[in-house]
Each structure stands twice: as C-alpha cells, then as structure tokens.
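Each chain, written out:
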Amino acid sequence: MRVISGEARGRRLITLEDMDVRPTTDKVKESIFNIIQFDIEGSNVLDLFSGSGQLGIEALSRGAKHCTFIDQSKRSLDITKKNIAACSFEQRSGVYKEDALDFLEKTHEIFDIALLDPPYRQGLIRKALPELTKKMSKNGIIICELSAEEDLTQTVNDFSISREYKYGKIKILVYKRNN
C-alpha cells in the first residue's frame, strides 16, 4: 500500500495484518481521487472508519488543508498515526478513537469531503449518512466505498447520488448536495 500522488507520493503505508481489514486497492483509490481531483486543494476532509488512514493521507498528499481520522479501533488508529508521521502530516491531521455515529452527533466541524470505507455489509454507511449530510459544506462531496452487492438510498436529506462506479466486487457512490 502506498501514497499514489502528491507531496508524499510513493511513500509506503502500513496496514493491519488482519482478516477484518480490507485496504482500498490502489486502482480503486486512484479512481476515487480522480473523481474529486479538482475539489481536494484546501479542503477539510473527514476519513470516517479510517482503518489505516490511507484515504485521508492520500487527500492530504494531494493538497487537502486538514483531515480528521475517525475509527473505533485503537490498533487501527495506532497504524494511522504511524502512517501520518511517515508522511509528515501531523500538523494537518486530527486522529480520534470514537464510534463514527457518536462522532457525527457531537462534532461541530463542517467538512468539504467525506470518505467512507467501513467494513462491508454492516449497514454502517446507511446509518452514518443522515447525520453526516448535516456536517457537510455547501459544495460538500461524500464518497462511499461499499460492496457491489449493497445498495444505498438515492437521496439522503438534501444529498443525492450523483455518480456510481463499479470495480469488480466494489462499488463507489458519490453523493452531492441537490441544487
């Protein structure tokens, strides 16, 4: 696993050696960042269900102003902190051990981009989206990575699916605010 582009390009990232962890492949990660390439510079990013932190780190490498990393696993966050330090992004990162839904209910932060890649088939995105949409900026973008077998509602509050991509067994959904 590596950083694909930007100031930390080529840096190797570590991940948990665990059957429950499913890092985003480089192909899917590159596709996600091609989708939002013109929206990253100077953005405030949320990496919800951050795992190793690779999606948020990629956003920082490509010019995001700040990234908030949320995961409930201490082991995952220890890896995230090591990966952030390896890329020298400590000053632009916030790392919090917290349940994603609890975080969304409590935070007053507003995000420009939210990256959601939770464990598949547990309904976590479906549960998080209603509260997350309230924490997004006017032009906010929510990127969801899920199993191709899973479905999400077309509209959540004032956000709707604007694009859908499939990569084998993986699906990427892009939610944007309705105009």
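Residues numbered from 1 in each chain as written. Predicted model: local features only at pLDDT ≥ 70, side-chain atom pairs only at ≥ 80, totals over all residues. Heavy atoms only, no water.

Enquirer: Let's hear about the packing of aromatic side chains: which residues, and what values?
Expert: Counted under the stated rule, the structure contains one aromatic pair. Residues phenylalanine 103 and phenylalanine 111 carry aromatic rings whose centres are separated by 6.4 Å and whose planes lie at 45° to one another, so their mutual orientation is tilted. Considered together, phenylalanine 103 and phenylalanine 111 belong to a single accessibility category, that of buried residues. (Phe/Tyr/Trp six-rings, centres within 6.5 Å; stacked < 30°, edge-to-face > 60°. Buried < 20%, exposed > 50% of the residue type's maximum accessible area, 1.4 Å probe, protein only.)

Enquirer: Run through helix H3 (residues 74-86), naming residues and quoting values.
Expert: Spanning 13 residues, H3 covers 18 Å between terminal C-alpha atoms, matching the ideal 18 Å at 1.5 Å per step. Here H3 has its buried residues at Ser76, Leu77, Ile79, Thr80, Asn83 and Ile84. Down the axis of H3, the smallest arc covering the buried residues is 155°, so these residues share one side. Residues of H3 that are exposed and point over 90 degrees away from its buried face: Lys74 and Lys82. A distance of 3.4 Å separates the backbone nitrogen of arginine 75 from a side-chain oxygen at the start of H3, and that oxygen is part of serine 73. Note on H3: the residue one or two positions beyond its end, serine 88, has a positive phi of about 60°. (Helix = DSSP H or I, 4+ residues; strand = E, 2+ residues; numbered from the N terminus. Expected span 1.5 Å × (residues − 1). Arc of directions from axis to C-beta. Polar contact = N/O pair within 3.5 Å; in protein donor to acceptor, adjacent residues only side chain to side chain.)

Enquirer: Can you break down the pattern of salt bridges residue by residue, with the values?
Expert: Per the counting criterion, the structure on display carries eight salt bridges. Note that lysine 134 is salt-bridged to glutamate 131, the shortest N-O span being 3.4 Å. Glutamate 131 gets classed as partly exposed once you look at its relative accessible area, which sits at 22%. Note that arginine 177 and aspartate 158 form a salt bridge whose closest N and O atoms lie 2.5 Å from each other. (Salt bridge = Lys/Arg side-chain N within 4 Å of Asp/Glu carboxyl O.)

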